[in-house]
Amino acid sequence: MQPEVADGLIKKVGEILAPGQQVNFAFQGGEPLLAGPDFYVSFFEKVKKANIKATYLFQTNGIALTSEKCEEYLKLFKENNCLIGLSVDGPRKMHDANRIDHNGSGTYDTVMQAYKLLKNANIEVNFLTVLSKAVLTHPKLLYDFYRNSGIKYVQLIPCLPPLNETERKDNKYSMLLAAFWIQFYDLWKKDFLSGKSYFEVREFSAILSGLSGKRVETCIFPGKCSPQLVVEADGSTYPCDFYVLPQYRTGSVLSDSLEDTLRSVNMLRFAKDNPPLQSQCLQCRYSVLCKGGCRRMRQLWQSDPENCAMRLFLDHICGN
Ligand code: SF4
Ligand code: SF4
């Protein structure tokens, strides 16, 4: 991101915030730490100068934290109270099945070294795991890995097909996902109830909140898109990080106010374009709560049209 784009973003955010409101800047990529610590030092200074109350989150593979820039990054994170999401796909064999460096070598040792450095520096860190097949088939290994690592917060992200694939070719994914969620949930719940160990699982928190009638903070439910402000390196904005494509572009921080972006034709069209629910959802006992969920996730949950992974999981939790 060029300095003028960062300036435009900070200016537009400053214009839209009401007094006392704060913003969360979430940097993700690609790999956001490739921008180098100087970029963020300058960004944070500009935010302070603009009198904006902000929190910061980075989603990273951790590799830059084991480079010569490590001390600078740790200082930056500590001083600005940053939350770090590390992309960790479980123990070595599972992680290295998909996460390799430019030489083709697994990055497990690197990411775990980054985790240790962050923990030792008392920087808040959580894990994000992509549920590839290498992970889905081993829920207990993943559960034990999290438990032994001492992590306090994890996100389990289904492995999405490319946007232009209307149907996932592999229709077994939904059954694998349901089986994974069920086994993982049982292990997690057993330890929680016996007081042996606890870490928060973002998706379980959202589902359990929804089932108990509380507000769900993530996009997992209830079947409609909330506008987001995703800003790309050239300043273009998009409504959701799953839909960073020219036809969904909602504006630019270089030329449009964020209010105009939120009211733009493409933003409204995106919200309206949610595909109609199919019979599986219309007949589902959870449709009042779920309403078909996130339209991107639904593609995966229903890769087997007869067996929605979310429905099977909700059946398990609710004892149906
Ligand atoms: S597509 Fe899914 S993640 Fe994106 S805004 Fe809609 S509900 Fe949220
Ligand atoms: S079938 Fe699945 S996606 Fe549809 S409402 Fe039920 S749980 Fe949600």
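Residues numbered from 1 in each chain as written. Chains lettered and ligands numbered in written order. Predicted model: local features only at pLDDT ≥ 70, side-chain atom pairs only at ≥ 80, totals over all residues.

**Student:** Sorry if this is basic, but what is going on with the site of ligand 1 here?
**Tutor:** Taken together, the residues surrounding ligand 1 are Cys219, Cys225, Ser226, Gln228, Cys240, Phe242, Cys294, Arg295 and Arg296. When the residues that make up the shell around ligand 1 are grouped by side-chain class, the tally is 5 nonpolar, 2 polar and 2 charged. (Near = placed C-beta within 6 Å. Nonpolar A, V, L, I, M, F, W, Y, C, P; charged D, E, K, R; others polar.)

**Student:** Would you take a moment to explain the sheet that holds strand β7 (residues 230–231) for this structure?
**Tutor:** Pairing between the strands of a sheet is mediated by backbone hydrogen bonds and can be parallel or antiparallel. Pairing within the open sheet is antiparallel, and its 3 strands lie in the order β7-β8-β9. At either margin of the open sheet sits one strand with a lone partner, and together these are β7 and β9 (251–252). Both β7 and strand β8 (residues 236–238) contribute to a ladder of 2 bridges, which runs antiparallel. Counted as the bridge partner of Val231 is Thr237 from β8. (Pairing = 2+ DSSP bridges. Helix = DSSP H or I, 4+ residues; strand = E, 2+ residues; numbered from the N terminus.)

**Student:** Sorry, what's going on with the pairing of strand β2 (residues 53–60) here?
**Tutor:** Sheet faces and side chains relate simply in a regular strand, where the side chains alternate between the two faces. Two strands pair when backbone bridges link them, and strand β1 (residues 22–27) and β2 are joined in this way by 6 bridges, in the parallel orientation. The partner of Phe25 across the bridge, within β2, is Tyr56. For the crossover from β1 across helix α2 (residues 37–49) to β2, the handedness is right-handed. As defined by bridge partners, β2 adjoins strand β3 (residues 83–87) across 4 bridges and the pair is classed as parallel. Looking at the pairing, Phe58 lines up with Ile84 of β3. At this point the chain moves from β2, through helix α3 (residues 70–79), to the parallel β3, and the crossover so formed is right-handed. (Right-handed = clockwise from strand over helix to strand, strands pointing away.)

**Student:** What exactly am I supposed to notice about the sheet that holds β1 here?
**Tutor:** Spatially, β1-β2-β3-β4-β5-β6 is the arrangement adopted by the 6 strands of the open sheet, whose pairing is parallel. Edge strands, defined here as strands with exactly one partner in the open sheet, are β1 and β6 (200–201).

**Student:** Explanation requested: the nonpolar core in the structure shown.
**Tutor:** Side chains of nonpolar character tend, in soluble globular proteins, to be buried together. Formed by 46 residues in total, the largest nonpolar core has its most connected members in Leu86 and Leu177. Among the elements that take part in this core, helix α8 (residues 173–194) stands out by supplying 8 residues, more than any other. Not counting residues up to four positions away in its chain, the partners in contact with Leu86 are Thr60, Gly62, Val111, Ala114, Tyr115, Val125 and Phe127. Counting residues in hydrophobic clusters, the runner-up holds 11 residues, among them Ala6, Phe43, Leu229 and Leu258. (Core = buried A, V, L, I, M, F, W, Y, C linked by C-beta atoms within 7 Å. Buried ≥ 20, exposed ≤ 12 C-beta atoms within 10 Å, placed from the backbone. Contact = placed C-beta atoms within 7 Å.)

**Student:** Before we go on, may I ask you to explain helix α5 (residues 108–120) in this structure?
**Tutor:** Given 3.6 residues per turn, any residue in an α-helix points the same way as the ones three and four places further on. For α5, which comprises 13 residues, the first-to-last C-alpha distance of 18 Å matches the rise-based estimate of 18 Å (1.5 Å per residue) to within 8%. Every buried residue belonging to α5 is among Val111, Ala114, Tyr115 and Leu118, and all of these are buried. Angular distribution of buried residues about the axis of α5 spans 100°; they occupy a single face of the element. Its buried side turned inward, α5 meets β3 and β4 (125–131). Count one or two residues on from α5 and you reach Asn122, which has phi positive near 55°. (Expected span 1.5 Å × (residues − 1). Arc of directions from axis to C-beta.)

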